[in-house]
Protein chains: 2
Amino acid sequence: MTLTGKSLIAGHPVFGTAGTVNAVNPATDEQLEPRYGLVDEAAVADAAAAAADAFDTFRQTTPGRRADFLDRAADNIDAVGDELVPRTVAETALPEAVVRGELARTTNQLRLFATMLRDGGDFAARIDPAKPDRTPAPRVDIRQRQIAIGPVAVFGASNFPLAFSTAGGDTASALAAGCPVIVKAHSAHPGSTELVARAVSDAVSDAGLPAGVFSALFGSGPTVGQALVADPRIQAVGFTGSRSGGTALMKTAAERPCPIPVHAEMSSINPVFVLPAALAADPDALAAEFVASLTTRAGQLCTNPGLLFVPATPDGDVFADAAANAVRGATGQTMLTPGIQRAYASGKAELEGLSGVDLLAEGTEGDAANSPAPALFGTTSETFRATPRLQEEVFGAASLIVRYADIDDAVALAKSLQGQLTATIRFADDDHDAAAALMPVLERTVGRILFNGWPTGVEVGHAMVHGGPFPATSDSRTTSVGTLAIRRFQRPVSYQNVPEALLPDAVKPGNPWKLPRTVDGRIELP
Amino acid sequence: MTLTGKSLIAGHPVFGTAGTVNAVNPATDEQLEPRYGLVDEAAVADAAAAAADAFDTFRQTTPGRRADFLDRAADNIDAVGDELVPRTVAETALPEAVVRGELARTTNQLRLFATMLRDGGDFAARIDPAKPDRTPAPRVDIRQRQIAIGPVAVFGASNFPLAFSTAGGDTASALAAGCPVIVKAHSAHPGSTELVARAVSDAVSDAGLPAGVFSALFGSGPTVGQALVADPRIQAVGFTGSRSGGTALMKTAAERPCPIPVHAEMSSINPVFVLPAALAADPDALAAEFVASLTTRAGQLCTNPGLLFVPATPDGDVFADAAANAVRGATGQTMLTPGIQRAYASGKAELEGLSGVDLLAEGTEGDAANSPAPALFGTTSETFRATPRLQEEVFGAASLIVRYADIDDAVALAKSLQGQLTATIRFADDDHDAAAALMPVLERTVGRILFNGWPTGVEVGHAMVHGGPFPATSDSRTTSVGTLAIRRFQRPVSYQNVPEALLPDAVKPGNPWKLPRTVDGRIELP
């Protein structure tokens, strides 16, 4: 396929006329062809109108038909993999094996939602049968199901050009719910976006669905992105990116005449609590594992371990020294964009200037462009608590070791944390009491608690929560990864005393879709 | 019990010193004793601190213990019924039988949540077991449950002094979820509030729970109410009231350093579509039923039928004439407060002044104070679509009949509607095609679709949705009535590779709480 530089508006390729942008190979700072035409607000209105037109047809498809469509989208994306992977590598400087892995994750994610739909979906059907003989008043038949909320705007992430972007988790879960999707393309990987968008758009057509089910727009965030969130036809927003970007969209959404929910996954420094017995086992090995997690994908993961709490003990000294040595031995990898590299450099410089914060170690810059040295900082428990700046994410391979005096101190540190996607506890059996003291504090602060791993690597399953209290996300009641993510794009509707012929299949007598349903408060399996 | 005029802050009675307010008997305009002391922001901070202190203990109680507490609260409220009912009647002018019914509904609602907790609650436990042999990478064990979101601020409604107030649906569902509650008392029924608040607070103490689990504050909305929503310890808000009140709280919540969800149930005019065959059967009887629903509780119900779509046919003329006659024969009942009566009068006057809107009929004022005449207006389909003011709620016994030309016109009218709590279809078998055309439009617009009843009367069950798109509520993804309401006050947490001894009971191996749980995406019953 030849890249065209065009947006896709309900199946129609459109070369935007509000300026152009080229992708940049961050490893060389060279522009990549073709130029991408940026659309204006009129294109947003066209895409939104098409999505609104498509909505009723799409949301009323059977789960099986939506599953087939998701599978087809996955197949179409896989089919362009040999063109997609090298383009994504060129646009992001991520290693080819990493991009291949992310591609598999992306299409498996679409297929997981397809399987979920075939297995009964998440219609959450509830039936309270009539009780004609109830006193003092009879009860009429009431049935509830979840319906799609409406057209959804999706803002892809720079750091996962496939799995959290054009056909990533937000798009997959919104489509699974029956919501048309309009993707605002990330300017860092337009070629990858175009290839994936065409694959999804072809799947819409292959499945015989209305073309407005999917659009992808190249355009400026402050104009096109904001216009998309402000458009009255858009009913929800999925976003992965910076805190400033996410909060700007939250503000726009809240100020609409009809406010809408924004699901923004924004910033997290993913604290790791290294407990004494776990540390004692092998501090050197633990330090090596930590630095490997820290430097994965140049530290550009939402769940990068940006904060370690380590005992102020001789074992802790051994760990800190070993981690510092490992960082000194690490070479910088090319970051996703020159802008991200500049932000890393400025965040790192800011940390270096903070009183009470020590630069424990620095690695080596890489040979390619935009490959700054990893860095490790250290500070005390007191300084950490007194310095709110230390809770702001420095996106990249930088981390901070905070030394704690005892478990009470560790618990106090946990209580001082802002909302996070994850918290990790490095644990051995003798750490039970300490972990038990930390757990209730961390539950209130994070979306996922993990033991004896590293936070990087987010499993796409049914039990995953990739979310958490603000500022990790804009809405802690949801997740942006895993099948629960579909709930972001649904809302409940009750049907009271509706004739059988007019009831939706999800709540019809006879259970034609073979769903698990809650009858009078108790789940009944098909 | 003697009324004291005191707020209850974590079990401590406090007479606020920021002014006083008395209840007013709206039937006589006379003040009722005692004076209620209004608290200031310091009391908000005290209650919030106590709630935050109580949160961890309360949220970690077993479902059985929370169920016992809710039952106890219900019993305590029932125990003061003979004092509560006459006080509520005096404060609201609602008939005694109505208040007795509402009291039963309120305590039954608490007991329904208790039953739900004993039956397995809504922990939504999900387990993705480890797959150590999976390639290319093994999967670790991941488990998910819902936890309480944090202390909740509840703003009670004027129109349901018991069922949507101090221990109403918001409070019941928040407590069931494990969230401490701080009630901002409605100034229209302080005596009822005090009696119910003492009953709930006593239940907290009877159940051996920390006193901060429940507080009730008398204070001004603009200061105390806003301070409560702005307090960093409050994590969610439940509100029932006016659109202006709800949107003011939404704004405050969105502008916090850490924004929080607001569940505001605000305004709805509850369209009723009278279809031709249903109308033909007995237009006179239908009109009588309509006016009975319209004038129930002086029209002061969130689901009052404020808008009827009736065919522009001879049958429709018969219906409109009969409804007008019934309204002419209706006598005004005392409204809840003098202020609500004034708002009704001004809303009615505004409708009278609108071009193209006719006053079809007016009833008689009641003998008591604040009992304005019911009113019925009429207009055309064209005028309705051209006059946005006609979609604003006039709280009270006023309704508008819009005459539609044919089913296409009815569908176009449905498409022009703002978000609503309910839509009603008056239906006979020959109306199938018309109803089928309306259903998908109404699904997108309302929370509950009902056939051949009237929207007044909201069943408290598992399948009820009392919610809907803005401006009916601030968040269409939820309900404020029924067991699904608990989800407003929960958020998911994942536990990855957590040792069994540290796992919460809801997701422990062996399923000690006997919950339905989703294992690898499929529900397993205990």
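Here is what the cut-offs are and how they apply
Residues numbered from 1 in each chain as written. Chains lettered and ligands numbered in written order. Predicted model: local features only at pLDDT ≥ 70, side-chain atom pairs only at ≥ 80, totals over all residues. Heavy atoms only, no water. Contact = heavy atoms within 4.5 Å. Buried area = accessible area lost by both parts, 1.4 Å probe. Salt bridge = Lys/Arg side-chain N within 4 Å of Asp/Glu carboxyl O. Polar contact = N/O pair within 3.5 Å; in protein donor to acceptor, adjacent residues only side chain to side chain. Helix = DSSP H or I, 4+ residues; strand = E, 2+ residues; numbered from the N terminus. Nonpolar A, V, L, I, M, F, W, Y, C, P; charged D, E, K, R; others polar. Phe/Tyr/Trp six-rings, centres within 6.5 Å; stacked < 30°, edge-to-face > 60°. Buried < 20%, exposed > 50% of the residue type's maximum accessible area, 1.4 Å probe, protein only. Lys NZ or Arg CZ within 6 Å of the ring centre and 35° of its normal. Least-squares fit on C-alpha atoms with pLDDT ≥ 70 in both. UniProt positions renumbered as here; feature names shortened; annotations may be inferred. Pairing = 2+ DSSP bridges. Axes fitted to C-alpha atoms, helices over the stretch in contact; angles between N-to-C directions. Domains from an automatic or database assignment. Right-handed = clockwise from strand over helix to strand, strands pointing away.

- In the nomenclature of an unreviewed UniProt entry, chain A corresponds to NADP-dependent aldehyde dehydrogenase from the organism Spelaeicoccus albus.

**Here we look at the interface of chain B and chain A**
- Taken together, the contact between chain B and chain A spans 76 residues of the former and 76 residues of the latter.
- When chain B packs against chain A, close to 6300 Å² is buried across both sides, 54% of that on carbon and sulfur atoms.
- Between chain B and chain A we count twelve salt bridges in total.
- The closest approach of N and O atoms between A:Glu443 and B:Arg145, which form a salt bridge, is 2.5 Å.
- Counting across the chain B and chain A interface gives 48 residue pairs in polar contact (both at pLDDT 80 or more).
- Elements supplying a minimum of two residues to the side of chain B that touches chain A: helix H1 (41–59), strand E5 (126–128), strand E6 (142–148), helix H8 (243–255), helix H15 (432–443), strand E18 (446–451), strand E19 (490–496) and strand E21 (522–524) of chain B.
- It is E19(B) that provides the largest number of residues to the side of chain B that touches chain A, a total of seven residues.
- When grouped by side-chain class, the residues that make up the side of chain B that touches chain A number 38 nonpolar, 17 polar and 21 charged.

**Digging into the packing of aromatic side chains**
- All chains considered together, the criterion is met by 18 aromatic pairs over all chains.
- The interplanar angle of 55 degrees and the centroid separation of 6.2 Å between the aromatic rings of A:Phe155 and A:Phe239 together place this pair among those described as tilted. Here A:Phe155 is found in strand E7 (residues 152–155), whereas its partner A:Phe239 is found in strand E10 (residues 236–240), with 84 residues between them in sequence.
- For A:Phe239, a relative accessible area of 9% translates into the label buried.
- Taken together, a centroid distance of 5.2 Å and an interplanar angle of 65 degrees make the contact between A:Phe427 and A:Phe451 edge-to-face. Of this pair, A:Phe427 sits in the loop between strand E17 (420–426) and helix H15 (432–443) while A:Phe451 is found in strand E18 (residues 446–451), placing the two residues 24 residues apart along the sequence. Side by side, A:Phe427 and A:Phe451 carry an identical accessibility label, which is buried.
- In textbook terms, an aromatic cluster arises when at least three aromatic residues are bridged by ring pairs, as seen for A:Phe273, A:Phe309 and A:Phe384.
- Geometry around A:Phe55 places A:Arg59 over its ring, the cationic atom sitting 5.6 Å from the centre.
- Stacked on the ring of B:Phe160, the Lys or Arg B:Arg297 has its end atom at 4.2 Å from the ring centre.

**Let's talk about the relation of the copies chain B and chain A**
- Mapping chain B onto chain A calls for a rotation angle of 180 degrees and an axial translation of 0.0 Å; the resulting RMSD is 0.0 Å. Interpreted geometrically, this transformation is the action of a two-fold axis. Considering only C-alpha atoms, the part of chain B nearest the rotation axis is B:Ala254, at 3.6 Å.
- Both copies share a contact surface, since 100% of the interface residues of chain B are interface residues in chain A too.

**Here we look at the environment of A:Asp141**
Residue and element names in this part refer to chain A.
- With respect to the helices and strands, aspartate 141 occurs in the loop between strand E5 (126–128) and strand E6 (142–148).
- Along the chain, aspartate 141 and valine 498 lie 357 residues apart, while their C-alpha atoms are 7.9 Å from each other.
- Among all residues touching aspartate 141, those that are not within four sequence positions of it are Asp128, Pro129, Ala130, Tyr495, Gln496 and Asn497.
- Among the polar contacts listed, one links the side chain of aspartate 141 to the side chain of arginine 143, at a separation of 2.7 Å.

**Remarks on the environment of B:Gln109**
All names here are of chain B.
- Within the secondary structure, glutamine 109 sits in helix H4 (residues 96–118).
- Taking relative accessible area as the criterion, glutamine 109 reaches 2% and is therefore assigned buried.
- Linking glutamine 109 and glycine 482, residues 373 residues apart in sequence, is a C-alpha distance of 8.1 Å.
- Sequence-distant contacts of glutamine 109, that is, excluding residues within four places in its chain, are made with Ala163, Gly168, Gly169 and Val460.

**Considerations on the pattern of salt bridges**
Residue and element names in this part refer to chain B.
- Counted under the stated rule, the structure contains 62 salt bridges over all chains.
- Here aspartate 409 makes a salt bridge to arginine 385, at a shortest N to O gap of 3.1 Å. Here aspartate 409 is found in helix H14 (residues 407–415), whereas its partner arginine 385 is found in helix H13 (residues 381–386), with 24 residues between them in sequence.
- Relative accessible area serves as the criterion here: at 37%, arginine 385 is assigned to the partly exposed category.
- Glutamate 392 is paired through a salt bridge with arginine 389; the nearest N and O atoms lie 3.9 Å apart.
- Using a relative accessible area of 43% as the deciding quantity, one classes glutamate 392 as partly exposed.
- What makes arginine 389 buried here is its relative accessible area of 14%.

**Concerning the UniProt feature "domain: Aldehyde dehydrogenase" (unreviewed entry) in chain A**
- With numbering aligned to this structure, UniProt lists the feature "domain: Aldehyde dehydrogenase" (unreviewed entry) at residues 19–461 of chain A.
- As annotated, residues 19–461 of chain A has a helix share of 44% and a strand share of 19%, and its two end C-alpha atoms lie 40 Å apart.

**Notes on the sheet that holds strand E13 (residues 307–311) of chain A**
- The strand order across the open sheet formed by twelve strands is E14(A)-E15(A)-E16(A)-E13(A)-E12(A)-E17(A)-E18(A)-E19(B)-E6(B)-E5(B)-E20(B)-E21(B), and the pairing between neighbours is mixed. If you trace the sheet from one side to the other, it starts and ends with strand E14 (358–362) of chain A together with E21 of chain B, each paired once. When the angles between neighbouring strand axes are averaged without regard to direction, this sheet yields 25 degrees.
- Both strand E20 (residues 517–519) of chain B and E21(B) contribute to a ladder of three bridges, which runs antiparallel. The residue of E21(B) that forms the bridge with B:Val519 is B:Arg522.
- Contacting E13, E14, strand E15 (375–380) and strand E16 (398–404) of chain A, helix H11 (residues 314–328) of chain A crosses the sheet at an angle of about 50 degrees to E14(A).

**Some points on the domain arrangement of chain A**
All names here are of chain A.
- Considered domain by domain, chain A is made up of domain 1 (7–117 + 149–266 + 477–488) and domain 2 (271–451).
- One C-alpha centre belongs to domain 1, the other to domain 2, and the line joining them spans 32 Å.
- Each partner contributes residues to the interface: domain 1 has 19 residues there, and domain 2 has 17 residues.
- Note on domain 1 versus domain 2: buried area summed over both sides is about 1300 Å², and carbon and sulfur give 58% of it.
- Together, Pro26, Asn159 and Glu265 form the three largest contributors to the area buried by domain 1 at its contact with domain 2, with a combined 32%.

**Here we look at the pairing of strand E7 (residues 152–155) of chain B**
Residues and elements named next belong to chain B.
- Side chains of E7 alternate between two faces, with Val152 and Val154 and Ala153 and Phe155 buried alike.
- The sheet contact formed by E7 and strand E8 (residues 181–184) spans four bridges and is parallel. What sits directly across from valine 152, in E8, is valine 181.
- Since E7 and E8 lie parallel, the crossover through helix H5 (residues 169–177) that links them has a hand, and here it is right-handed.
- Where E7 meets strand E10 (residues 236–240), four bridges bridge the pair, whose relative direction is parallel. The partner of phenylalanine 155 across the bridge, within E10, is phenylalanine 239.

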